[in-house]
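Next come the chains, spelled out residue by residue.
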Amino acid sequence: MLTLPPLSNQHINTLYVKHKLFNDEQITNILKDTKIELWKNAEAVDPNTGQSVKSKDRVCQGQAVSNNFPLNNLLHVITQMNSQYWRFNINHVDLVRDYPSVYKYGVDGHFDWHVDMSTAISTRKLGFTIQLSNPEDYEGGDLQFFDGSKTRKEPELKEKGTLIVFPSFVWHRVLPITKGTRYAIVGWIHGNHFK
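Let me begin by describing the structure that accompanies this report. (Residues numbered from 1 in each chain as written. Predicted model: local features only at pLDDT ≥ 70, side-chain atom pairs only at ≥ 80, totals over all residues. Heavy atoms only, no water.)

## Re the pairing of strand β10 (residues 124–131)
Inference 1: The buried count for β10 comes to eight of eight residues, which makes it a mostly enclosed element.
Inference 2: With seven bridges connecting them, β10 and strand β16 (residues 182–191) associate as antiparallel partners. Bridge pairing in β16 links T129 to V186.
Inference 3: Pairing between β10 and strand β13 (residues 162–167): five bridges, direction antiparallel. Bridged to F128 within β13 is V165. (Buried < 20%, exposed > 50% of the residue type's maximum accessible area, 1.4 Å probe, protein only. Helix = DSSP H or I, 4+ residues; strand = E, 2+ residues; numbered from the N terminus. Pairing = 2+ DSSP bridges.)

Below, the structure written as structure tokens:
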């Protein structure tokens, strides 16, 4: 009997990777491109049907990033992160059904524990968040990842301009905002179905 040695990926269990991506001027321009009339209440995705539904688990407003958003620069950095850590087969951003968006979390805004993929959107391989607010501009609103035993607050994840990339099957949440407003970009990188 011929057996194959297992292929190794020492970083496959990495929950997330962070990288300082944007400076203050770039973030100011991203926020200037948002339009008051385009903010709409965000919905959650029903994991069984893939349909967007209103949910008390997600309280925030969102709108698609503008055409001026430097998507190619973002994809270059995420591709490098993926090559170093997860090595997933990724190949596109869905600019029709799953466009990256700016989200605004006001007081009581939050997103309870969830994963970013489901049977209806099973091609999501990596999720990403870009912090657009200064950590001093709001209280609460921590992005947390569940590590299987305990969940901790990690102040470095609130640093303005930080890109956080993670596998779409990792449980995460945004704690409720208690003061101020948090802005962040959220999106996903797609690839073939996991198999």
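## Quick notes on the nonpolar core
Inference 1: The biggest cluster of nonpolar side chains holds 27 residues, and the ones touching the most others in it are F69, L74, F128, I130, L163 and I185.
Inference 2: Listed by contribution, the elements that provide at least two residues to this core are α1 (24–32), α2 (71–84), β10, β13 and β16.
Inference 3: Residue contributions to this core peak at five residues, all from α2.
Inference 4: Among all residues touching L74, those that are not within four sequence positions of it are L21, F69, F128, I130 and L163.
Inference 5: Membership of the second largest hydrophobic core comes to 17 residues, among which are C60, Y105, F145 and I177. (Core = buried A, V, L, I, M, F, W, Y, C linked by side-chain atoms within 4.5 Å. Contact = heavy atoms within 4.5 Å.)

## Examining α2
Inference 1: Between its first and last C-alpha atoms α2 spans 20 Å; for 14 residues at 1.5 Å apiece the expected length is 20 Å, and the two agree.
Inference 2: The complete set of buried residues in α2 reads L71, L74, V77, I78, M81 and N82. For α2, the angular spread of the buried residues around the axis is 140°, confining them to a single face.
Inference 3: Of the surrounding secondary structure, the elements contacted by the buried residues of α2 are β1 (17–20), β7 (90–92), β10, β13 and β16. (Expected span 1.5 Å × (residues − 1). Arc of directions from axis to C-beta.)

## As for the sheet that holds strand β14 (residues 172–174)
Inference 1: Read across the open sheet, the four strands follow the order β5-β9-β14-β12; overall the sheet is antiparallel. Strands with a single pairing partner mark the edges of an open sheet, and in this sheet they are β5 (58–59) and β12 (143–145).
Inference 2: Sheet analysis places β5 next to strand β9 (residues 110–114), joined by two bridges and oriented antiparallel. From the neighbouring strand, R58 faces β9, where its bridge partner is F111.

## Some thoughts on the pattern of salt bridges
Inference 1: The final tally for this structure, using the stated rule, is five salt bridges.
Inference 2: The shortest N-O distance in the salt bridge between K160 and D24 comes to 3.6 Å. One end of the pair, K160, is in the loop between β12 and β13; the other, D24, is in helix α1, and 136 residues separate them in sequence.
Inference 3: Looking at D24, the relative accessible area reads 47%, which means it is partly exposed.
Inference 4: For R152, the salt bridge identified is with D147, shortest N-O distance 3.0 Å. (Salt bridge = Lys/Arg side-chain N within 4 Å of Asp/Glu carboxyl O.)

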